[in-house]
Amino acid sequence: MAFTFPTSTATIESFAAALYGYGLGSATLSSIQNDTLTSGLGTGNGLNNALNNYYTASFGAVTTAVVAANIVKNVGLGTDANAIAYVTGQLIAAAPNARGAAVVTILNAFSALTTDKTYGAAATAWTNTVSNLVTYGQTSQADATLDVA
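Please read all numbers here as calculations on a predicted model, not as lab measurements.

K.L.:
What's the story with the packing of helix H6 (residues 99-111) against helix H7 (residues 120-139) in this structure? I'm lost.
P.N.:
Think of two packed helices as two axes; the pair is described by the angle between the axes and how far apart they sit. Between H6 and H7, whose axes approach to 8 Å, the crossing angle comes to 115°. In contact with Leu107, Phe110 and Ser111 of H6, H7 contributes Ala122, Ala123, Trp126 and Thr127. A breakdown of the residues in the contact of H6 with H7 according to their chemical character gives five nonpolar, two polar and no charged.

K.L.:
Would you mind showing me how to read the packing of helix H1 (residues 9-20) against helix H4 (residues 64-77) here?
P.N.:
Running from N to C, H1 and H4 cross one another at 115°; their axes reach a closest spacing of 7 Å. One element, H1, and the other, H4, form an angle in the roughly perpendicular class. Two secondary-structure elements touch here, H1 through Ala17, Ala18, Leu19 and Tyr20 and H4 through Val67, Asn70, Ile71, Asn74 and Val75. Broken down by class, the residue content of the contact of H1 with H4 amounts to seven nonpolar, two polar and no charged.

K.L.:
Looking at this model, I keep getting lost on the confidence of the model for the protein. Mind explaining?
P.N.:
Low-pLDDT stretches of the model should not have their predicted coordinates read in fine detail. Taken over all residues, the pLDDT of the protein has a mean of 87, while the share at 70 or more is 88%. Averaged pLDDT values over the elements of the protein bottom out at 75 in strand S2 (residues 144-145) and peak at 98 in helix H5 (residues 81-93). Here residues 1-7 is modelled with pLDDT under 50, and outside its nearest four sequence neighbours on either side it reaches nine contacts, counting other chains as well.

K.L.:
Is there a simple way to think about the side chain of Thr64 in this case?
P.N.:
Mapped onto the elements of the fold, Thr64 is located in helix H4. Excluding residues that lie within four positions of it along the chain, Thr64 makes contacts with Thr88, Leu91, Ile92 and Arg99.

K.L.:
I keep staring at the nonpolar core and nothing clicks. Help me out?
P.N.:
Within soluble globular proteins, side chains that are nonpolar generally end up buried alongside one another. Ranked by internal contacts, the top residues of the largest apolar core, which has 37 residues, are Ile71 and Leu91. Those elements that place two or more of their residues in this core are H1, helix H2 (26-40), helix H3 (46-59), H4, H5, H6 and H7. Setting aside residues no more than four positions away along its own chain, Ile71 makes contact with Ala18, Leu19, Val87, Val103 and Leu107.

K.L.:
Honestly, H7 in this entry has me stumped. Any pointers?
P.N.:
Residues that lie three or four places apart on an α-helix share one face, since the helix turns once every 3.6 residues. For H7, spanning 20 residues, the distance from its first C-alpha to its last is 29 Å, which sits close to the expected 28 Å at 1.5 Å a residue. The set of residues buried in H7 consists of Gly120, Ala122, Ala123, Trp126, Val130, Leu133, Val134 and Gly137. Buried positions in H7, seen along its axis, are confined to an arc of 160° and lie on one side of it. In this structure, H7 carries Ala121, Asn132 and Thr139 as exposed residues pointing more than 90 degrees from its buried face.

Reading guide: rules and limits
Residues numbered from 1 in each chain as written. Predicted model: local features only at pLDDT ≥ 70, side-chain atom pairs only at ≥ 80, totals over all residues. Heavy atoms only, no water. Axes fitted to C-alpha atoms, helices over the stretch in contact; angles between N-to-C directions. Helix = DSSP H or I, 4+ residues; strand = E, 2+ residues; numbered from the N terminus. Contact = heavy atoms within 4.5 Å. Nonpolar A, V, L, I, M, F, W, Y, C, P; charged D, E, K, R; others polar. Parallel < 35°, antiparallel > 145°, perpendicular 65-115°, else oblique. pLDDT = per-residue confidence, 0-100. Core = buried A, V, L, I, M, F, W, Y, C linked by side-chain atoms within 4.5 Å. Buried < 20%, exposed > 50% of the residue type's maximum accessible area, 1.4 Å probe, protein only. Expected span 1.5 Å × (residues − 1). Arc of directions from axis to C-beta.

Have a look at this one:
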């Protein structure tokens, strides 16, 4: 019987693609999944704790507006001012040490907009990108730069 990590590969791939512009290969994905096991300390929040730690380490000294603009660009919305304002507001509303989890909430909300008149096409493209990244992460060792149009 194979051991299954208690984390969502799609969540991890989505987080990495939105914040860093990378699709994770199997080696990095495995490392992050291991981090989620040690970050939970029995609380059931290992994934959120690990992603909060990554966010803080990488973006803790960066303004939320800059992070928001990066996320919006990486999910395929370019420089959409409304989207940047929304993401900025969501990041500001989260405690600084909980912004990794806030990013996951933002990305999940965006992924659910596939039928939205304004953001539906981009949300559909994003969910397809994440699906492809999950497959990539299960089949390739190397990380890859995300190609966002």
